[in-house]
Every structure is written in structure tokens, then in C-alpha cells.
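In case you want the letters, here they are:
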Amino acid sequence: ISLSQSVDQDLTLADGEEFQNKCILMVAKSGAGNAVLTPANLAGGTTITFDTDKDYSILKFMDGEWYQVAGSATVA
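Residues numbered from 1 in each chain as written. Predicted model: local features only at pLDDT ≥ 70, side-chain atom pairs only at ≥ 80, totals over all residues. Heavy atoms only, no water.

Chemist: Residue-level account of the overall build of the protein chain, with values.
Modeler: A tally of regular secondary structure across the protein chain gives zero helices and nine strands. The helix and strand sequence of the protein chain, counted from the amino end, reads β-β-β-β-β-β-β-β-β. At 12 Å, the protein chain has a C-alpha radius of gyration in line with the 11 Å of a compact globule built from 76 residues. Each principal axis of the C-alpha atoms in the protein chain carries an extent, and together these give about 35 × 15 × 15 Å. When each of the 76 residues of the protein chain is scored for burial, the buried share is 30%. Taking all contacts inside the protein chain whose residues are at least 6 apart in sequence as the whole, residues at least 24 apart take part in 64%. When the accessible surface of the protein chain is split by element, carbon and sulfur atoms take 51% of a total near 4,200 Å². Of the charged side chains in the protein chain, 4 are positive and 10 negative; the average position of the first set lies 9 Å away from that of the second. (Helix = DSSP H or I, 4+ residues; strand = E, 2+ residues; numbered from the N terminus. Rg over C-alpha atoms; globule rule 2.2 N^0.38 Å. Buried < 20%, exposed > 50% of the residue type's maximum accessible area, 1.4 Å probe, protein only. Contact = heavy atoms within 4.5 Å. Areas by Shrake-Rupley, 256 points an atom, 1.4 Å probe, with all protein chains shown as cover. Lys, Arg positive; Asp, Glu negative; His and termini not counted. Charge placed at Lys NZ, Arg CZ, Asp CG, Glu CD.)

Chemist: Can you break down the environment of Ser 57 residue by residue, with the values?
Modeler: For Ser 57, the location among the structural elements is in strand β7 (residues 56–62). As for Ser 57 and Gln 20, which are separated by 37 residues in sequence, their C-alpha atoms are 14 Å apart. Looking at Ser 57, its side chain comes within polar contact range of the side chain of Gln 68, at 2.7 Å. (Polar contact = N/O pair within 3.5 Å; in protein donor to acceptor, adjacent residues only side chain to side chain.)

Chemist: Residue-level account of unusual backbone geometry, with values.
Modeler: Of note, Lys 54 is a non-glycine position whose phi angle comes to about 70°, a positive value. On the secondary structure map, Lys 54 appears in the loop between β6 (48–50) and β7. The phi dihedral of Asp 63 falls on the positive side, at around 50°, and the residue is not glycine. Its relative accessible area of 66% is what places Asp 63 among the exposed residues.

Written out as C-alpha cells, the structure is:
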């Protein structure tokens, strides 16, 4: 993700395949907005927010939900 906007950018993530992995990285951020990812099914919350340079989320799809197994992005 590269973001230079002053408003939040909304992103979505569809369900995956069982045991699929995803790694998402905020490569660059120069504006005031955040990248807000809304997976179709997220364990422990409804969104993942990337609000600083180099924020990341490593996700694994298991039992019908995405789980953040590591990362600095915020699950809420």
C-alpha cells in the first residue's frame, strides 16, 4: 500500500483458501489519511488499520476467517 491522501482509503479483502497466507505492507505514507482494510471475515475485529510508514499485517485464513498472526497494523 502506498498512500498520499489526506483522507482514509478504504480497502477490502475477500475470504481466502484454507491456510492461505497474505502479507500486506504500507510501503509509503505521506498524507494524513490511513489505509483501512476490511476483510470479509476477520477474527478479533472488523478492520485492520495501517497508519504509519512500514506498518504491516501477516494474515492466515483458517476456519473461515482471516487471523493476523503478526504485524504492527491495528486490528479493531
